[in-house]
Amino acid sequence: MMLRTSASRVLDDSDRDEVLALLDTDPVANVFVSSRVRAVGLNPARLGGQMWGFGARGGLVSLCYAGANMVPVNAGPEAVHAFADRARKQGRRCSSIVGPVDAVSLLWERLEPHWGRARAIRWAQPVMATSRRPPVPADPLVRRVRPEEFDILLPACVAMFTEEVGVSPNLGDGGALYRTRVAELIRIGRSYARIDDGRVVFKAEVGAVTPQACQIQGVWVAPELRGKGHAVAGMAAVVEAARSLFAPVVTLYVNDFNLSARAVYRKVGFQEVDTFMSVLF
């Protein structure tokens, strides 16, 4: 019988140093959560959710970011049990659960009877990383997107999201939050694209950044131009920029069934280092 030593608790800014120390034990797997904490701290109003901790103050062993996404961090069975208890009592507020496959699979096993069926489950998503210069030529036409190009980029972003997630980001609030996020990534210089005559050929964003690692997201090539090498050359350009400007290690995660994308990333120098799982609502 599993013995629970403690319940989870809601963390605040007084826990920031301990939280970051725990996140830094695996900077690739934890890049998203770490970037949020570094940017805004642990106050729920700024964080856009709560950070749950498992373990006494000074002995924190696991975390769970509970915002628009639910992300367990370094969570063994005992911590997952505690986080599931809190999530069940609170009710579902997230649009997905994502993170290391062992923790997410156990968390979902405990939550599914209470939250109901998921819209989709991505059982295996290889986490890939690289810390070296791409071994293939970069596309010299891939560059930072300018603020005045928002209206050009947005349809490509919506198409990517819909294709990847299975629903449009315009549902619910009409896409207001999604447009805000796209505009913010452009504003802070983390949106990259090749735009030819007003048409997006390739695009990707650097969605999360810490001193140790950064995460690429939203990789997309115009459907009619796929298979022509734009993804390889475009990713090489984004990796070069990310390593130069943001962090020494560049990471991403991809669906295991997306064999073409995985092949592209391997050509650019990425290697598989972990496996995530995502539960989508």
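Residues numbered from 1 in each chain as written. Predicted model: local features only at pLDDT ≥ 70, side-chain atom pairs only at ≥ 80, totals over all residues. Heavy atoms only, no water.

S.K.: So what's going on with the overall build of the protein? Residues and values would help.
M.R.: Looking only at helices and strands, the protein features nine helices and twelve strands. A globule of 281 residues ought to have a C-alpha radius of gyration of about 19 Å, and the protein, at 19 Å, matches this closely. The dimensions of the protein, computed from C-alpha atoms along their principal axes, are 60 × 35 × 35 Å. Per-residue burial over the protein gives 50% buried out of 281 residues. Partitioning the contacts of the protein with sequence separation of at least 6, the portion at a separation of at least 24 is 70%. (Helix = DSSP H or I, 4+ residues; strand = E, 2+ residues; numbered from the N terminus. Rg over C-alpha atoms; globule rule 2.2 N^0.38 Å. Buried < 20%, exposed > 50% of the residue type's maximum accessible area, 1.4 Å probe, protein only. Contact = heavy atoms within 4.5 Å.)

S.K.: Describe the UniProt feature "domain: N-acetyltransferase" (unreviewed entry) in the protein, with residues and values.
M.R.: UniProt's feature table lists "domain: N-acetyltransferase" (unreviewed entry) at residues 140–281, given in the numbering used throughout. For residues 140–281, the helix share is 38%, the strand share is 30%, and the end-to-end C-alpha distance is 38 Å. (UniProt positions renumbered as here; feature names shortened; annotations may be inferred.)

S.K.: Describe the sheet that holds strand β7 (residues 143–144), naming the residues involved and giving the relevant values.
M.R.: Across the sheet, twelve strands lie side by side as β1-β2-β3-β4-β5-β12-β6-β11-β10-β9-β8-β7; this open sheet has mixed pairing. The two strands at the open ends of the sheet, each matched to only one other strand, are β1 (8–10) and β7. Across three bridges, the pairing between strand β10 (residues 213–221) and strand β11 (residues 249–253) is parallel. The residue of β11 that forms the bridge with Cys 214 is Val 250. (Pairing = 2+ DSSP bridges.)

S.K.: Tell me what's going on with the packing of aromatic side chains, and back it up with residues and numbers.
M.R.: Taken as a whole and assessed by the stated rule, the structure comprises seven aromatic pairs. Arranged with centres 5.9 Å apart and planes meeting at 65 degrees, the rings of Tyr 265 and Phe 270 form a pair that is edge-to-face. Classification of Tyr 265 as buried rests on a relative accessible area of 8%. Pairwise contacts between aromatic rings join Trp 108, Trp 115 and Phe 281 into one cluster. Sitting above the plane of the Trp 52 ring, Arg 86 keeps its charged end 5.9 Å from the centroid. (Phe/Tyr/Trp six-rings, centres within 6.5 Å; stacked < 30°, edge-to-face > 60°. Lys NZ or Arg CZ within 6 Å of the ring centre and 35° of its normal.)

S.K.: With reference to specific residues and values, describe the pairing of strand β4 (residues 69–73).
M.R.: Of all five residues in β4, four are buried, a share of seventy percent or more. The pairing of strand β3 (residues 62–66) with β4 spans four bridges and is classified as antiparallel. Counted as the bridge partner of Tyr 65 is Val 71 from β4. Where β3 folds back onto β4 in an antiparallel hairpin, the turn is made up of two residues. Here β4 runs beside strand β5 (residues 96–100); their pairing, made up of two bridges, is parallel.

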